Amino acid sequence: MGQDVYQHTFPNGLTLLAERMEHVRSAAMNFRVPAGCVNDPPKHRGIASVLAEMITRGAGERDSRQLSLALDNLGFDRDESVGPMQISFWGSTLARNLPPALEIYADILQRPRLPKEELEPVQSLAIQDILSLEDEPRQKVLIELNQRHFPPPLGQDRRGTREGIESLTPKIVRDHYARLFQPRGTIMSVAGNIEWEPLREQVGRLFGAWKPGQEPELALGKTPPPVEHIQKETTQTQIGIAFPSVPFGHDDYYAALGAVNVLSGGMSARLFTEVREKRGLCYAVWATYKTFKDRACILCYAGTTNERAQETFDVTVAELQRLKDGIEEEEVERVQAGLKSSLIMQEESTSARAGTLASDWYFLGRVRSFDEIQSAINDLTPKSILGYVHRYPPANFTIVTLGPKPLKV
């Protein structure tokens, strides 16, 4: 299938990606700035989340209210998020409103006000977010699972710590912004009913003078012990399991994706069928894939009653290890149908396409075509998935549980 995908890297290091989608009337944009929470200083963990919240509270000549009103008047549906490696800003609107939206985001990224009077309310919101984890045991387990599976700071949670949030001052936040927000390594992607040449000219005019800085160095620490129990008097037990996989871009990536979807690709997948439906062991069970550039893992979760927690854990691990015993043809067909459905829906969404353009460029340094992805999905077979499982078997587990008593692992 034909695609109009364009790419240009400006002299300051900013990369612009665009895909023209003539059949839509909207456009979406996605900025990914290399300022994720892995760069949070140990004493100020959570600063990336605070910065992401403050940066849209006034920029250029507009204060916080004026900025929000200007974007609302364009019908710009937007949000921000903090990941391990990047802070992302994205939104969508009618295609004709994209140029004025870009003018506003040029101020947000390059000339934020970061008003000192906004810091205290932002800190308060951030601390509330941390405290809310006490009421979200599943999220608490998954946070701890990431922190134990990946070497620090890769597993660091975007929320940070209460002490880190409380330690922030306006100057610390401004210095953090000045150190990390720069064009080198920043990816801007646009998808929708756009014209490439006018878009490239506008982005060059708005961001061409943005000065590059030094890329931050990332030093990895030692991985914590792989097994942990969080003692909490609850009526339910939360179980998190992680084990290594291959990163996005690896020759076995699609086979790894196939294996994950055999485990957890719908209500007929193995974990749902064997752990929940046949035995009634838990109210929720699933597996998912998480990747960095040089490493990846498969994360599994199960939530169950205290009485059945040990059995739930044992059966879940047994299902993971049973992958190496064989993959059925009908399972692969189900996986292929699900992946193709996701691909088709992505074709029809400007937001999804803008996100995929940026993700592909970050991980691969290029943009995959629909034909390439579809061909890789079509090439999945029981043999190819099983070959991956034998090369990278479910093993070397990281295990985190939360509940009144630890499990036998």
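Predicted, not measured: the structure shown is a model, and the values here were computed from it.

### Comments concerning the domain arrangement of the chain
- The domain architecture assigned to the chain consists of domain 1 (5–207) and domain 2 (227–403).
- The centre of domain 1, based on its C-alpha atoms, is set 28 Å off from the matching centre of domain 2.
- Every contact between the two is made by 37 residues of domain 1 and, on the other side, 38 residues of domain 2.
- Summed over both sides, the interface between domain 1 and domain 2 buries roughly 3,100 Å², with carbon and sulfur atoms accounting for 73% of that surface.
- The largest share of the area that domain 1 buries against domain 2 comes from Val-141, Leu-145 and His-149, three residues that together contribute 19% of it.
- For the pair domain 1 and domain 2, the interface holds three salt bridges.

### A closer look at the state of the cysteines
- Under the defined criterion, the tally for this structure stands at zero disulfides.
- The cysteine Cys-282 is free of any disulfide, with Cys-300 supplying the nearest cysteine sulfur at 12 Å.
- The thiol sulfur of Cys-300 is not disulfide-bonded, and the nearest other cysteine sulfur, from Cys-297, lies at 8.9 Å.
- Taking relative accessible area as the criterion, Cys-300 reaches 2% and is therefore assigned buried.

### What to know about the environment of Asn-73
- Counting through the fold element by element, Asn-73 comes out in helix α2 (residues 64–73).
- Looking at Asn-73, the relative accessible area reads 61%, which means it is exposed.
- Once the C-alpha coordinates of Asn-73 and Asn-97 are considered, the two residues, 24 residues apart in sequence, prove to be 9.6 Å apart.

### A look at the sheet that holds strand β6 (residues 187–192)
- Read from one edge of the open sheet, six strands run β1-β2-β6-β3-β5-β4, paired in mixed fashion. Edge positions in the sheet fall to β1 (4–9) and β4 (77–82), since each has one partner strand and no second. Averaged over all adjacent pairs, the angle separating strand axes in this sheet is 10°, with direction ignored.
- Where β4 lies against strand β5 (residues 87–94), six bridges are found, and the strand directions are antiparallel. Note that in β5 the partner of Asp-77 across the bridge is Ser-92.

### Observations concerning the packing of aromatic side chains
- For the structure shown, the criterion picks out 16 aromatic pairs.
- For the pair Tyr-6 and Trp-196, a centre-to-centre distance of 5.2 Å together with 10° between the ring planes defines the contact as stacked. With Tyr-6 in strand β1 and Trp-196 in helix α8 (residues 196–207), this pair connects stretches of sequence that are 190 residues apart.
- Owing to a relative accessible area of 9%, Trp-196 belongs among the buried residues under this scheme.
- The rings of Phe-248, Tyr-253, Tyr-254, Tyr-289, Tyr-362 and Phe-363 are connected pair by pair, giving a single aromatic cluster.
- Over the face of the ring belonging to Tyr-362 we find Lys-293, whose NZ or CZ atom lies 4.3 Å from the ring centre.

Thresholds applied
Residues numbered from 1 in each chain as written. Predicted model: local features only at pLDDT ≥ 70, side-chain atom pairs only at ≥ 80, totals over all residues. Heavy atoms only, no water. Domains from an automatic or database assignment. Contact = heavy atoms within 4.5 Å. Buried area = accessible area lost by both parts, 1.4 Å probe. Salt bridge = Lys/Arg side-chain N within 4 Å of Asp/Glu carboxyl O. Disulfide = S-S within 2.5 Å. Buried < 20%, exposed > 50% of the residue type's maximum accessible area, 1.4 Å probe, protein only. Helix = DSSP H or I, 4+ residues; strand = E, 2+ residues; numbered from the N terminus. Pairing = 2+ DSSP bridges. Axes fitted to C-alpha atoms, helices over the stretch in contact; angles between N-to-C directions. Phe/Tyr/Trp six-rings, centres within 6.5 Å; stacked < 30°, edge-to-face > 60°. Lys NZ or Arg CZ within 6 Å of the ring centre and 35° of its normal.

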